[in-house]
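# Structural characterization, general
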Amino acid sequence: MEPLPREGLFVLQRLEQAGFEAYFVGGLVRDVLRGVPAHDADLATNAVPQDVIKAFPDMPVLKTGIKHGTVTVLVDHVPVEVTTYRTESTYSDARHPDAVQFARRIEEDLSRRDFTINAMALHPDRGLIDPYGGQIDLQSQILRCVGNAETRFEEDALRILRALRFSSVLGFSLAPATADAARTLKDKIDLLSRERVQSECSKLLCGGNVRNVLIQY
């Protein structure tokens, strides 16, 4: 397993010294478990943004997405994104949640995420929290939605392109239910901004498994 980034550990430890809980989440956990050097340090915490800001009076804290619970702490000019545990409501535009509610437990936060390999949390002392079998899917090189695949794609159509991008870049296969849902709901991609589509497709086209993805999808 790759070492956790120093800047992220600093932020995590400072939050815990202030009486809060924090975990590494997202792509960093996926990469660390794959043995790939981690880059972006994302943390989830039970501290609300105002508490995070108070915990770092001596450091720059950017209010990058504060209405959704996210601030960014700059540690020696390295950004560490910190987001309050949250759950999400309906997605009227098939992209953004209509409302965000802060949650108390990391498990609640993980339940809203897109794929099992992205729905894990890691703590340097408490270890891995993996309620949806993401580690098994990572080892099996499978992309599987958290919960019902059609529901996940109905919520946010960008997840369809993210699935194909991960398949291309990581060389993973889509689980049958996830692949079926992507095909069924593909027209919802038309609701996305062209910029987001371009960004995902550019990354997809640079992946080592791009030929298989284009043939299948």
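Computed from a predicted structure; not experimentally measured.

### Side note on the packing of helix α7 (residues 158-170) against helix α9 (residues 194-205)
Packing of α7 against α9 brings their axes to within 8 Å, and their N-to-C directions diverge by 15 degrees. Viewed along their axes, α7 and α9 adopt a mutual orientation that is roughly parallel. For the crossing formed where α7 meets α9, the hand is left-handed. Contacts between α7 and α9 involve Leu 158, Leu 161, Arg 162, Leu 164, Arg 165, Ser 168 and Val 169 from the former and Arg 196, Val 197, Glu 200, Lys 203 and Leu 204 from the latter. Here the residues of the contact of α7 with α9 are counted per class, giving six nonpolar, one polar and five charged.

### Notes on the environment of Ile 66
Within the element layout of this structure, Ile 66 appears in the loop between β3 (61-65) and β4 (70-75). With a relative accessible area of 30%, Ile 66 lands in the partly exposed category. Distance in space between the C-alpha atoms of Ile 66 and Asp 156 is 20 Å, their sequence separation being 90 residues. Apart from residues no more than four positions distant in its own chain, Ile 66 is found in contact with Pro 49, Ile 53 and Val 71.

### Here's the deal with the nonpolar core
With 51 residues, the main nonpolar core has Val 11, Phe 56, Val 82 and Phe 153 as its most contacted residues. Looking at which element gives the most residues to this core, the answer is α7, with seven residues. Excluding residues within four positions of it along the chain, Val 82 makes contact with Val 11, Leu 15, Leu 43, Thr 45, Val 52, Gly 69, Thr 70, Val 71 and Val 73. Counting nine residues, the second largest nonpolar core, distinct from the first, contains Val 25, Ala 44, Ile 106 and Ile 129.

### So, the packing of aromatic side chains
Counted by the stated rule, this structure contains one aromatic pair. On the numbers, 6.1 Å between centres and 90 degrees between planes, the contact of Phe 115 with Phe 166 is edge-to-face. You can see Phe 115 sitting in the loop between α4 (106-110) and β8 (121-123) and its partner Phe 166 sitting in helix α7, a full 51 residues away along the chain. Assigned by exposure class, Phe 115 and Phe 166 land together as buried. The ring of Phe 166 has Arg 165 lying over it, and the distance from NZ or CZ to the ring centre is 4.7 Å.

### Some points on the sheet that holds β8
Here seven strands make up an open sheet; going across it, the order is β3-β4-β5-β2-β1-β8-β9 and the pairing mixed. Edge positions in the sheet fall to β3 and β9 (127-129), since each of these pairs with one other strand and no more. Put simply, the sheet's adjacent strands are angled 35 degrees from each other on average, direction ignored. Pairing analysis gives three bridges linking strand β1 (residues 22-25) to strand β2 (residues 41-45), with the strands arranged antiparallel. Counterpart to Phe 24 in the pairing with β2 is Leu 43.

Parameters and conventions
Residues numbered from 1 in each chain as written. Predicted model: local features only at pLDDT ≥ 70, side-chain atom pairs only at ≥ 80, totals over all residues. Heavy atoms only, no water. Axes fitted to C-alpha atoms, helices over the stretch in contact; angles between N-to-C directions. Helix = DSSP H or I, 4+ residues; strand = E, 2+ residues; numbered from the N terminus. Parallel < 35°, antiparallel > 145°, perpendicular 65-115°, else oblique. Left-handed = near helix turned anticlockwise from the far one by under 90°. Contact = heavy atoms within 4.5 Å. Nonpolar A, V, L, I, M, F, W, Y, C, P; charged D, E, K, R; others polar. Buried < 20%, exposed > 50% of the residue type's maximum accessible area, 1.4 Å probe, protein only. Core = buried A, V, L, I, M, F, W, Y, C linked by side-chain atoms within 4.5 Å. Phe/Tyr/Trp six-rings, centres within 6.5 Å; stacked < 30°, edge-to-face > 60°. Lys NZ or Arg CZ within 6 Å of the ring centre and 35° of its normal. Pairing = 2+ DSSP bridges.

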